[in-house]
Amino acid sequence: MTDTKQAVTQFERDGFCLVPPAIPLALVERAVTHMDAVIAGRYETGVPPMPYGTPGKDPTQLIKIDQSHVSDRTVYELATHPAIGRWAAAVTGAKWVQLWATQLLFKPPGGNAKGNIGWHQDYQYWSPWWTPESEIFTCWVALVEVTPTMGPMLFARGSNHWGFLNEGDFFSVAIDSQREAILKKSGYQWDEVPAVMAAGALSFHHRHTYHGSGPNLSAQPRRSFAFHLRTEKSAPLPGVDHYYVSHLDDPQLCPVIYQAD
């Protein structure tokens, strides 16, 4: 059982931490149903998600849909659940936490490599928008029990201390060759940790932490959401006018999910 002190230590030392189930099971179960609705193109709010990622045309490929919280009220409820804000603040010591982006992630069963997620640092994709010192990070929420055979998220322990290497690619399925390229560039030892998690459990990882995942060898889909968060120690790059930083004052699109008393 992870307590707050353990989570803080693990996050600072290893670049990630795993948190026991924090989302009520009833909400998790509803979120599964509403995830399927979004994937099928049924948008409860009438607002479509962002046209990024892989929308599910190939049944063997990872489905990644961005900003689905604007399309569905249950997804929004999950993304803004107080437990996520409380844990995010506890792990980082933040006084204030804001949601600024979401990703729906559906890894199909069957073991096809098209379901892989390549090794990457999140800041590779965020560097055009956020200052290098910004405290921006990810909360990953499991909607099902994520077993070792399900293609769990893999973390390279301690890679948060390697700096920004800008090596790897989320969208590449060649995870073995990517690992070799990262090791060659970093010069560090590789200590890979699978995020085996219960339904409703959370993980948090640093913007520089290397992570990826292999194929889902089970008979069930791996369902999760990734919620990108920031604290008061963050700022967009000056003069940048991009979707992900131009709506930070919109409480519906980018709600504050934790505010210290």
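Residues numbered from 1 in each chain as written. Predicted model: local features only at pLDDT ≥ 70, side-chain atom pairs only at ≥ 80, totals over all residues. Heavy atoms only, no water.

Time to look at the nonpolar core. Counting residues in each nonpolar core, the largest one holds 38 residues, and the members touching the most others are Leu-202, Phe-204 and Leu-229. Ranked by size, the runner-up nonpolar core spans 15 residues in total, among them Leu-105, Trp-140, Val-193 and Ala-201. (Core = buried A, V, L, I, M, F, W, Y, C linked by side-chain atoms within 4.5 Å. Buried < 20%, exposed > 50% of the residue type's maximum accessible area, 1.4 Å probe, protein only.)

Under the definition given, this model contains 11 salt bridges. The partner of Asp-14 in a salt bridge is Arg-13, and the shortest N-O contact between them spans 2.9 Å. For Arg-223, the salt bridge is made with Asp-36, and the minimal N-O distance between the two is 2.8 Å. In this pair, Arg-223 sits in strand 11 (residues 222-231) while Asp-36 sits in helix 2 (residues 25-39), placing the two residues 187 residues apart along the sequence. (Salt bridge = Lys/Arg side-chain N within 4 Å of Asp/Glu carboxyl O. Helix = DSSP H or I, 4+ residues; strand = E, 2+ residues; numbered from the N terminus.)

Positive phi is not limited to glycine here, since Gln-67 has a value of about 65°. Inspection of the secondary structure puts Gln-67 in the loop between strand 3 (63-66) and helix 3 (73-79). Look at Gln-67 and you get buried, because its relative accessible area is 0%. Even without glycine at this site, Asn-166 takes up a positive phi of about 55°. For Asn-166, the position within the fold is in the loop between strand 7 (153-156) and helix 6 (175-186).

Nothing here speaks to function; it is all geometry.
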